[in-house]
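Residues per chain are reported as follows:
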Amino acid sequence: MAEDLQIILTDQELSAEHCRKFVSVASSGGQVLFTGTVRDHTRDRNVHHLEYEAYAPMAIKEMTRIANEAQWRWALKKVALHHRTGTLSIGELAVVVAVSAPHRAAAFEACQFIIDELKKDVPIWKKEFFEGGEEWISPRP
Amino acid sequence: MKVICFGVAKEITGAASIEVAIEDAPDVLSLKRILLQKYPGFIDLSSLRVAVDEAYAADDQALCPESEVVLIPPVSGG
């Protein structure tokens with residue numbers, strides 16, 4: 001993989017600071033960081049914890065494809081895209097997206113693009129565990 | 001031909017993978033049709049994509065016994 005891209009799928013705890021440091025380079029004036037965390041509720045029920053499952057080899061391919069596309073479209077300096085699998089508690093980081101670019105407009109747009117595309121195409125599924133049951137989550141339309 | 005299931009697809013088929021005769025599913029579209037017939041739970045899904053050898057496959061993509069075929073119900077990463 002190119003040294004300006006870092007794509008990680010792991011069951012270990014994620015670090016937003018690690019991603020921020022990875023993308024920070026002297027030639028980039030703007031870095032944008034997105035973190036997705038486990039929420040304590042969905043609509044009307046209290047969530048106890050989540051489980052994320054991935055079709056790992058394809059998830060990594062899709063994450064790489066998306067990061068590459070963003071890098072090309074917005075002339076990014078560096079991209080870090082990390083997603084966690086396994087059991088996650090409320091407040092824990094599920095995904096981190098970090099990008100750097102010479103100017104901020106590109107960084108904001110690219111970061112949004114990456115997380116939006118990830119949510120559409122990357123083969124990862126989350127299951128919610130709440131009082132009285134569990135359910136595979138469908139994305140909001 | 002082995003078809004691997006993820007997410008809610010495991011619950012719909014009752015297994016992490018199922019066997020489908022290649023004669024019944026020579027391409028992705030016919031695989032989807034067979035699945036709907038055999039496991040009506042798939043009808044309720046807003047989408048069902050199929051991945052062949054780690055990439056999304058179009059309906060007309062041919063399948064062969066050596067392919068890695070994976071059912072991709074609606075994804076919910078991030």
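None of these values were measured; they are calculated from a predicted model. (Residues numbered from 1 in each chain as written. Chains lettered and ligands numbered in written order. Predicted model: local features only at pLDDT ≥ 70, side-chain atom pairs only at ≥ 80, totals over all residues. Heavy atoms only, no water.)

Is there a simple way to think about the overall build of chain B in this case?
Helix and strand counts for chain B come out as two helices and five strands. Overall, chain B shows an N-to-C arrangement of helices and strands of β-α-β-α-β-β-β. Over its C-alpha trace chain B gives a radius of gyration of 11 Å, about what one expects of a compact globule, namely 12 Å for 78 residues. A fraction of 50% describes how many contacts in chain B between residues 6 or more apart in sequence connect residues 24 or more apart. Split by element, the accessible area of chain B, about 3700 Å² in all, is 53% carbon and sulfur. For chain B, the distance from the average position of its 6 positive side-chain charges to the average position of its 12 negative side-chain charges is 6 Å. (Helix = DSSP H or I, 4+ residues; strand = E, 2+ residues; numbered from the N terminus. Rg over C-alpha atoms; globule rule 2.2 N^0.38 Å. Contact = heavy atoms within 4.5 Å. Areas by Shrake-Rupley, 256 points an atom, 1.4 Å probe, with all protein chains shown as cover. Lys, Arg positive; Asp, Glu negative; His and termini not counted. Charge placed at Lys NZ, Arg CZ, Asp CG, Glu CD.)

Looking at this structure, how should I read the overall build of chain A?
Within chain A, the secondary structure is distributed over three helices and nine strands. When its helices and strands are written in sequence order, chain A yields β-α-β-β-β-α-β-β-β-α-β-β. In terms of C-alpha radius of gyration, chain A reaches 15 Å, essentially the compact-globule figure of 14 Å for 141 residues. Taken along its principal axes, the extent of the C-alpha atoms in chain A is 50 × 30 × 25 Å.

Could you clarify how one ought to interpret the packing of aromatic side chains in this entry?
Each aromatic ring pair is described using two quantities: the centre-to-centre distance and the angle formed by the ring planes. Under the counting rule described, the total for this entry stands at four aromatic pairs over all chains. On the basis of an interplanar angle of 50 degrees and a centroid distance of 5.2 Å, the ring pair of A:Trp74 and A:Phe113 is categorised as tilted. Here A:Phe113 lies in helix 3 (residues 104-121) and A:Trp74 lies in helix 2 (residues 56-74), a separation of 39 residues in the sequence. The exposure classification of A:Trp74 matches that of A:Phe113, with both residues buried. Members of the aromatic cluster, joined through ring pairs, are A:Tyr55, A:Trp125 and B:Phe6. (Phe/Tyr/Trp six-rings, centres within 6.5 Å; stacked < 30°, edge-to-face > 60°. Buried < 20%, exposed > 50% of the residue type's maximum accessible area, 1.4 Å probe, protein only.)

What is the right way to read unusual backbone geometry from this model?
In terms of backbone geometry, most residues other than glycine have negative phi values and most peptide bonds are trans. All names here are of chain B. Its identity as a non-glycine residue notwithstanding, aspartate 53 has a phi of 50 degrees, on the positive side. Secondary-structure assignment places aspartate 53 in the loop between strand 3 (49-52) and strand 4 (55-56). Residue aspartate 53 is classed as partly exposed on the basis of its relative accessible area of 45%.

Whenever I open this one, the interface of chain A and chain B confuses me. Can you help?
Accessible area lost when the parts come together is the quantity often used to give the size of an interface. Tallying the contact residues gives 24 residues for chain A and 20 residues for chain B. In total, about 1900 Å² of surface goes out of reach between chain A and chain B, with carbon and sulfur atoms giving 54% of it. Where chain A meets chain B, there are four salt bridges. Where A:Glu53 meets B:Lys10, a salt bridge forms, and the shortest distance between an N and an O atom there is 2.4 Å. Counting residues per element, the ones that place at least two in the side of chain A that touches chain B are strand 4 (45-54), helix 2, helix 3 and strand 8 (124-130) of chain A. A total of five residues in the side of chain A that touches chain B trace back to one element, the largest contributor, which is helix 3 of chain A. Grouping the amino acids of the side of chain A that touches chain B by side-chain chemistry returns 15 nonpolar, one polar and eight charged. (Buried area = accessible area lost by both parts, 1.4 Å probe. Salt bridge = Lys/Arg side-chain N within 4 Å of Asp/Glu carboxyl O. Nonpolar A, V, L, I, M, F, W, Y, C, P; charged D, E, K, R; others polar.)

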